[in-house]
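# Structural description and commentary
As a plain string of letters, each chain reads:
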Amino acid sequence: MSKKVHIKTYGCQMNVYDSKRMADVLKPHGYEVSESADDADLVILNTCHIREKAAEKVYSEIGRLRATKDEMAAEGKNMFIAVAGCVAQAEGPEMMRRAPAIDMVLGPQTYHRLPDMLKAAEEQRTGGRKSARVLDTDFPVDTKFDHLPTDSDFDGPAAFLTVQEGCDKFCTFCVVPYTRGAEYSRPVADIVAEATRLVAKGVVEITLLGQNVNAYHGDDGQGGTASLGALIRALDAIDGLERIRYTTSHPRDMDDELVFAHRDVASCMPYLHLPVQSGSDRILDAMNRKHTREEYFAVVDRLRAARPDLALSSDFIVGFPGETDEDFEATLDLVRRVNYAQAYSFKYSPRPGTPASVIEDQVPEDVKSERLARLQALINEQQVAFNEASIGKTMDVLLEREGKMPGQLIGRSPYLQSVHVDVSKADNALDAAGDKPYSGYMGKMVRVMIVEGGPNSLKGELVSTLH
Ligand code: SAH
Ligand code: SF4
Ligand code: F3S
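Since the structure is predicted, the reported quantities are computational estimates derived from the model, not experimental observations.

So, about the site of ligand 3. Taken together, C12, N15, T47, C48, H49, I50, C86, R180 and Q211 make up the full set of residues adjacent to ligand 3. In terms of residue class, the shell around ligand 3 is made up of four nonpolar, four polar and one charged.

So this is what it looks like as structure tokens:
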């Protein structure tokens, strides 16, 4: 009899990828993915620990799930609650204590052992306990990548593929080196095989994932290691793979091979997320980012020389301990000089166990809020300007999902902008009969002329269908 698993994903794209792998590993054990937690035999919360609120959301979700679990128990049904991901890794035993409704806690490197953990949980529950107590937050020597199946059903033309995991950089504010462990790169052959399978299913765009993706140095099968630039070239050879993206990169690891991939490899998209965090050398040093602002500008210059239309995005932290008005002004100045297509910014959040959390000179909350608002206003201005500059241009858009209006599909431009395209009036052989006459466009690459540009999305008119 088939069972239901509901997986709720928080945090970064790597968690999205991992959630799919967990679904894959459970499938042969009779578990079907369910969109809802009601009546699920197993609920997995795949959590994120990057900032305070991320973990708090998980605890309130567990509270809600406990009510469902109790209702099901009253009807003689069993629900297992599992917590996976970075909160699980960082606070596993404490979570078990704080939330007795949790049956299983598993860290990001143990997902291939999920079926064993379920068996252990089932045995404990038949022993009459209200909740099981299974905890696995190891960093096993044999990696999960050697064991996790990758046979997910096709769900769209754009897919994620984890190529690197973990981080050895130890920025003083960040939990990732503790929750994901040491840097590990998958062998080139495994990645090419997985990408080939995805393309055979209809995927045309792949985003290579890694906490430090450009530190990639995977086994090249010839006794050496391949850089990310070399990996991109290897993937470009796969027939039918039209777009390659990668995230997240560190400015220190932007080597020439990768910079030149942006110049030479047509499928390597002209968009790069290159977090800088701060524009002040003093703060960059305190963050242990291992580069100066001038070095960051130099990387950006090299990239733009290789690929003049490259669009950049970044992450910023405001209110890092000891950040003065002058430091913050230096961040605004960096943003003005680089000119981003988009960027994310966050208030510094002290993470337990990280060096920055015990620095005395924490910045008051109201100062953080005020700085964040100013930074976001500037970023927003640049994003609007970037989108408005797209008006009148013709670009390729990969249509990925339905919009709110009838006949409207939403896709991504090469620069990762959301583009809304009305395909309902298109006179094209792709039009299928039935109540969704535009369904033939879904998952396709089309050429559009951009006619409107707002802060968060563009509107395009169909010029032609490419594939
Ligand atoms: N590997 C990436 C970032 C991973 S975390 C890099 O090297 O940049 C994603 C983003 O969350 C970071 O870029 C940072 O801006 C933010 N972040 C991480 N720790 C944080 C903290 N303690 N407080 C606020 N923001 C944080
Ligand atoms: Fe965190 Fe720094 Fe590693 Fe990025 S490079 S994951 S911010 S420690
Ligand atoms: Fe969050 Fe872990 Fe990703 S802390 S951002 S889920 S690596």
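Picking up after the structure, the text goes on.
Attention now goes to the domain arrangement of the protein chain. Splitting the protein chain by domain gives domain 1 (3–136), domain 2 (154–269), domain 3 (273–389) and domain 4 (394–465). In this assembly, 15 residues from domain 1 lie in contact with 18 residues from domain 2. A buried area of about 1,300 Å², summed over both sides, lies between domain 1 and domain 2, and 59% of it is on carbon and sulfur atoms. On the domain 1 side of the interface with domain 2, the three residues burying the most area are Q13, M14 and Y17, jointly 47% of the side's total. Counting every contact that joins domain 1 to domain 2 gives two salt bridges. There are seven residue pairs in polar contact (both at pLDDT 80 or more) connecting domain 1 and domain 2. Elements with a contribution of two residues or more to the side of domain 1 that touches domain 2: helix 1 (13–26) and helix 3 (85–98). At eight residues, the largest contribution of residues to the side of domain 1 that touches domain 2 is made by helix 1. When its residues are assigned to classes, the side of domain 1 that touches domain 2 shows seven nonpolar, five polar and three charged.

Time to look at a negative patch on the surface. Taken together, the side chains of D142, D146, D190 and D219 define an acidic patch exposed on the protein surface. With respect to the helices and strands, the residue D146 is situated in the loop between strand 6 (134–136) and strand 7 (158–162).

What follows concerns helix 8 (residues 256–264). For helix 8, the set of buried residues is L258, V259, A261 and H262. The buried residues of helix 8 occupy one face: seen down the axis, they fall within an arc of 150 degrees. Residues of helix 8 that are buried sit in contact with helix 7 (228–236), strand 13 (243–247), strand 14 (271–273) and helix 10 (293–306).

Residues in contact with ligand 1 amount to 15 residues; listed here are only the nearest, F173, Q211, Q277, D315 and S349. Contact distances for ligand 1 include 3.0 Å between a nitrogen atom and a backbone N or O atom of F173. Here S349 contributes a backbone N or O atom positioned 2.8 Å from a nitrogen atom of ligand 1. For ligand 1, whose accessible area on its own is 540 Å², the fraction buried by protein is 89%. Of all the elements in the fold, those that place two or more residues in the shell around ligand 1 are strand 15 (311–318) and strand 16 (342–347). In terms of residue class, the shell around ligand 1 is made up of six nonpolar, four polar and five charged. Residues lining the shell around ligand 1 come from more than one domain, with at least three contributed by each of domain 2 (154–269) and domain 3 (273–389).

Scoring rules and cut-offs
Residues numbered from 1 in each chain as written. Chains lettered and ligands numbered in written order. Predicted model: local features only at pLDDT ≥ 70, side-chain atom pairs only at ≥ 80, totals over all residues. Heavy atoms only, no water. Near = heavy atom within 4 Å. Nonpolar A, V, L, I, M, F, W, Y, C, P; charged D, E, K, R; others polar. Domains from an automatic or database assignment. Contact = heavy atoms within 4.5 Å. Buried area = accessible area lost by both parts, 1.4 Å probe. Salt bridge = Lys/Arg side-chain N within 4 Å of Asp/Glu carboxyl O. Polar contact = N/O pair within 3.5 Å; in protein donor to acceptor, adjacent residues only side chain to side chain. Helix = DSSP H or I, 4+ residues; strand = E, 2+ residues; numbered from the N terminus. Patch = residues over 30% accessible without salt bridge, like charges linked within 9 Å, V, L, I, M, F, W, Y side chains within 5 Å. Areas by Shrake-Rupley, 256 points an atom, 1.4 Å probe, with all protein chains shown as cover. Lys, Arg positive; Asp, Glu negative; His and termini not counted. Charge placed at Lys NZ, Arg CZ, Asp CG, Glu CD. Buried < 20%, exposed > 50% of the residue type's maximum accessible area, 1.4 Å probe, protein only. Arc of directions from axis to C-beta.

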